Amino acid sequence: MDMRQQIADLVKEMLNAAYPGAEGLPEDIASLLEVPPEAHMGDYAFPCFRLSKALRMGPPMIAKKLSEAVNKPEIARVECVGGYLNFFFNRENFAKDLMGAIMAAPEKWGSSKEGEGKTVCIDYSSINIAKRFHIGHLSTTVIGNALKRIYEFQGWKTVGINHLGDWGTQFGKMVCAYKKWGVKEKVEKDGVEEMNRLYVRFHEEAEKDPALEDEGRAWFKKIEEGDAEALEIFHWFKDVTLKDAMKVYDTLGITFDSYAGESFYVDKTDRVVNELKEKGLLEESEGALIVDLENEKMPPCLIIKRDGTTIYATRDLAAIFYRKDTYNFDKCLYVVAYQQDLHFRQIFSVVDKMGYDWAKDGLIHVAFGMVSYEGQTLATRSGHVVYLEDLLRRAQEKALAIMQEKSPNLENKEEAARQVGVGAVVYATLQNNRIKDIDFWWDRALNFDGETGPYVQYTHARCASVLRKAPESNVAADYSVLTDDEAQALLRLLSRFPEAVEEACLRNEPSIVTRATTEIAKAYNKYYYEHRILDDNAAATAARLDLTRACQQVIKTGLYLIGVEAPERM
Ligand code: ARG
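Note that the structure is predicted; figures quoted are calculated from it, not measured.

Asker: Could you give an account of helix α15 (residues 341-353), naming the residues involved and the relevant values?
Answerer: Relative to the 18 Å expected for 13 residues at 1.5 Å per residue, α15 spans 18 Å between its end C-alpha atoms, a close match to the ideal helical length. The positive-phi residue at the C-terminal boundary of α15 is Gly355, with phi of around 100 degrees.

Given below as structure tokens:
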């Protein structure tokens, strides 16, 4: 049941009736339809401005003429307001149609087959080995996960890739430091923390004894050449880092299909370099090899350094071709902070210059803003780092304290607190457009009555509780009772949920789903306060219960799509 399309078809019919044979009219009416800012202005509005040239008539006149041609049971009335034609649904009809459509398969509401046969690679989280997982990597992790779920819901095949930062001379230094001062048990016990200590020590000692730098480089060379001992330590560092990160991924319910990181592509860079050479795109500059991007108004893209080694960009280029060959993606998304904007524009341009026409629409940098924590920006040097593991643990502790106060009788509080604490963090990250900077505050994220994760989760639990209280009944629902303002507002939002998911997918913007879900929760609560759900009229009660069921399911879907769990009780 697609109301937008129904109205669009109707507008087409009206145009044909009012202006038979007119030429130059827009084809895609559905995309022209607008949602009026307030409910009393109608359910959809058709702006007549775009027709004025073809019909040689002012927009208000067109609206008027069209309005005379409306004659459909789905439409209760139309209003002409300043060049707009506002449509008001027949409430009873709308309630019946929509509820029928949702209840036929509630868990599928908002899904589509749009992406069938298409594949999207999503490069997200992409943490760095031997570094702790801090809130600088929170956005990429949760935005990427949400996009993966949203694309899947739209029928795409998805490939989630954690492009590990596991290559660079620093790993030689770390192995060197471990060989000199490392203790196996310590690394095993403290993980990345201990690796960091070794790395810091390396730099301290290297100040006193610069020869150490050469030793570090020599160890990196050993890693490059596949020396057994060097590789063993390096791989072990990787395992330890990933084991730490896995705790965070498990808490967030996030999985990946591939952990092929930078090191995986080192031996796959030749093919790119050779092809660039063959295509005459590689130039020498001060001993290095670059691709000139002057026409693209960008600094050159460095491919091979003076010492003959590759850089981040070279390995990313190799990854693009590897992914294209392996997954044959239609889109490849890079969920990476906006600071890397130039890097991505450069490498995408290089692929474009190589003559691959899929680079233009297929390679997409999904950029996002910075996260700060209670007003303080993240600074590794000053030691002001918030680790994700700690953040998520504190979130659960705080949620538990709130619940102990709010719902002392709740069984299994720990489980609910886990869902609510983690959900609050994820929700706060996906609440606003991704490009906006985020300032994370506990009070705000964990507030049960604002636009927050806990609020939406609470509404879900409220629906579940209403349904638990409902008596058994097999009386058919009479949806014609859902004509009051509150029910209609709710129905309107439910009917637009599929559009929100579609748009979120199209614009790679999970916050659209967050907002749509929050609006539904707010509208349900409003309905709940104004109306009795259970009364003596069985058919009417059944309708209100179905509305509750629909809301519960759609809220659950919306939360799922942004990576938040939906507790049944809290
Ligand atoms: N590891 C990088 C960082 O933390 C992000 C990698 C993003 N993905 C990529 N293919 N470049 O900054």
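Structure's up, so let's keep going.
Asker: Report on the side chain of Gln457, specifying residues and quantitative values.
Answerer: When you line up the elements, Gln457 lands in helix α20 (residues 453-469). With a relative accessible area of 0%, Gln457 lands in the buried category. The contacts of Gln457, once residues within four sequence positions are left out, are Gln419, Val420, Gly423, Leu559, Val564, Glu565, Pro567 and Met570.

Asker: Describe the pattern of salt bridges, naming the residues involved and giving the relevant values.
Answerer: Under the definition given, this model contains 41 salt bridges. Put simply, Lys184 and Glu188 hold a salt bridge, and the shortest N to O gap is 3.9 Å. One end of the pair, Lys184, and the other, Glu188, are both in helix α8 (residues 184-190), 4 residues apart, so they sit about a helical turn from each other. Residue classification places Glu188 among the partly exposed residues on the basis of a relative accessible area of 43%. Of the charged contacts, one joins Arg197 and Glu194 as a salt bridge, the two residues approaching to 3.4 Å between their closest N and O atoms. In this pair, Arg197 and Glu194 are both assigned in helix α9 (residues 192-208), 3 residues apart and thus about one turn of the helix distant.

Asker: Describe the nonpolar core, naming the residues involved and giving the relevant values.
Answerer: Among the nonpolar cores identified, the biggest contains 150 residues, and Phe46, Leu66, Leu391 and Leu482 are the most heavily contacted of them. Among the elements that take part in this core, helix α11 (residues 228-252) stands out by supplying 11 residues, more than any other. Each residue touching Leu391, except ones within four places of it in the same chain, is listed here: Ile135, Leu138, Tyr373, Val386, Val425, Phe440 and Trp442. By size, the runner-up hydrophobic cluster in this structure holds 36 residues, among which are Ile161, Ile304, Ile311 and Tyr334.

Asker: So, the pairing of strand β4 (residues 119-123): which residues are in play, and what are the values?
Answerer: The side chains of a regular strand alternate, residue by residue, between the two faces of the sheet. Burial within β4 is extensive, with 5 of its 5 residues counted as buried. Every second residue of β4 is oriented toward a common face, with Thr119, Cys121 and Asp123 on one face and Val120 and Ile122 on the other, all of them buried. Between β4 and its parallel partner strand β5 (residues 157-161), the chain crosses via helix α6 (residues 138-153), and the hand of that crossover is right-handed. Pairing of β4 with strand β9 (residues 331-335) involves 4 bridges; the strand directions are parallel. Bridged to Asp123 within β9 is Tyr334.

Asker: Before we move on, could you go through the pairing of strand β3 (residues 84-89) and cite the residues and values that matter?
Answerer: Among the 6 residues of β3, 5 are classified as buried, and the element is accordingly described as predominantly covered. Sheet topology places strand β1 (residues 44-47) next to β3; 4 bridges connect them, and they run antiparallel. When the bridges of β3 are listed, Phe46 appears paired with Leu85. Bridging between strand β2 (residues 75-81) and β3 involves 6 bridges; their strand directions are antiparallel. Bridge pairing links Val78 to Phe87 in β3.

Asker: Summarise empty space enclosed by the protein; cite the residues concerned and give the values.
Answerer: For the structure shown, the criterion picks out 1 cavity of 30 Å³ or more. Within this model, the largest cavity holds a volume of roughly 80 Å³. Contributing to the lining of the largest cavity are Ile127, Lys131, Arg132, Phe133, Val192, Thr241, Asp244, Ala245, Val248 and Glu389. Here the residues of the lining of the largest cavity are counted per class, giving 5 nonpolar, 1 polar and 4 charged.

Asker: How would you explain the environment of Asn328 if you had to name every residue and give the values?
Answerer: Among the structural elements, Asn328 can be located in the loop between α14 (312-327) and β9. Judged by relative accessible area, which is 52%, Asn328 ranks as exposed. On a C-alpha basis, the gap between Asn328 and Thr119 in space is 7.2 Å, while along the polypeptide they are 209 residues apart. Among all residues touching Asn328, those that are not within four sequence positions of it are Thr119 and Arg323.

Asker: Break down the sheet that holds β1 for me, citing the residues and quoting the values.
Answerer: Taken together, 3 strands build an open sheet; the order of strands is β1-β3-β2 and the sheet is antiparallel. Every other strand in the sheet has two partners, leaving β1 and β2 as the edge strands with one partner each. Shown here is a sheet whose adjacent strand axes are inclined to one another by a mean of 20 degrees, direction ignored.

Asker: Hey, could you go over a nonpolar patch on the surface for me, with residue numbers and the actual values?
Answerer: Judged by side-chain polarity, Tyr338, Met370 and Ile435 come together as a nonpolar surface patch covering roughly 270 Å² of accessible area. Note on placement: Tyr338 falls in the loop between β9 and α15.

Asker: Give a detailed account of helix α23 (residues 538-561), specifying residues and quantitative values.
Answerer: Its 24 residues place the ends of α23 34 Å apart at the C-alpha level, agreeing with the 34 Å of an ideal helix rising 1.5 Å per residue. Taken across its 24 residues, α23 has 18 buried, putting it largely inside the fold. For α23, the N-terminal cap is Asn537; the gap from its side-chain oxygen to the backbone nitrogen of Ala539 is 3.2 Å. Just downstream of α23 lies Gly563, where phi reads positive at about 85 degrees.

Asker: Account for the site of the ligand, naming residues and giving values.
Answerer: In the vicinity of the ligand, the residues found are Asp123, Ser126, Asn128, His137, His163, Tyr312, Asp316, Tyr334, Val336, Gln340 and Phe344. Within the side chain of Asn128, a nitrogen or oxygen atom sits 2.8 Å from a nitrogen atom of the ligand. Measuring from an oxygen atom of the ligand, one finds a side-chain N or O atom of His137 at 3.0 Å. Burial of the ligand by the protein chains amounts to 88% of its free accessible area of 350 Å². In the shell around the ligand, the residues fall into 4 nonpolar, 5 polar and 2 charged.

Asker: Describe a negative patch on the surface, with residues and values.
Answerer: A cluster of acidic side chains, namely Asp2, Asp9, Glu114 and Glu502, defines a negative patch on the protein surface. Residue class for Glu114 comes out partly exposed when judged on its relative accessible area of 48%.

Asker: Let's hear about the sheet that holds β9: which residues, and what values?
Answerer: An order of β5-β4-β9-β10 is seen for the 4 strands of this open sheet, with the pairing classed as parallel. Looking at which strands have only one partner, the edges of the open sheet turn out to be β5 and β10 (363-366). Put simply, the sheet's adjacent strands are angled 20 degrees from each other on average, direction ignored. As paired strands, β9 and β10 are joined by 4 bridges and run parallel to one another. Note on β10: the bridge partner recorded for Leu333 is Ile364. Sheet strands in contact with α6 are β4, β5, β9 and β10, and its direction is about 155 degrees off that of β9.

Rules and cut-offs
Residues numbered from 1 in each chain as written. Predicted model: local features only at pLDDT ≥ 70, side-chain atom pairs only at ≥ 80, totals over all residues. Heavy atoms only, no water. Helix = DSSP H or I, 4+ residues; strand = E, 2+ residues; numbered from the N terminus. Expected span 1.5 Å × (residues − 1). Buried < 20%, exposed > 50% of the residue type's maximum accessible area, 1.4 Å probe, protein only. Contact = heavy atoms within 4.5 Å. Salt bridge = Lys/Arg side-chain N within 4 Å of Asp/Glu carboxyl O. Core = buried A, V, L, I, M, F, W, Y, C linked by side-chain atoms within 4.5 Å. Right-handed = clockwise from strand over helix to strand, strands pointing away. Pairing = 2+ DSSP bridges. 1 Å grid on protein atoms, 1.4 Å probe; cavity = no way out; pocket = protein on both sides within 12 Å on 5 of 7 lines; lining within 4 Å. Points joined across faces, edges and corners; volume = space filled by probe spheres on them. Nonpolar A, V, L, I, M, F, W, Y, C, P; charged D, E, K, R; others polar. Axes fitted to C-alpha atoms, helices over the stretch in contact; angles between N-to-C directions. Patch = residues over 30% accessible without salt bridge, like charges linked within 9 Å, V, L, I, M, F, W, Y side chains within 5 Å. Areas by Shrake-Rupley, 256 points an atom, 1.4 Å probe, with all protein chains shown as cover. Polar contact = N/O pair within 3.5 Å; in protein donor to acceptor, adjacent residues only side chain to side chain. Near = heavy atom within 4 Å. Lys, Arg positive; Asp, Glu negative; His and termini not counted. Charge placed at Lys NZ, Arg CZ, Asp CG, Glu CD.

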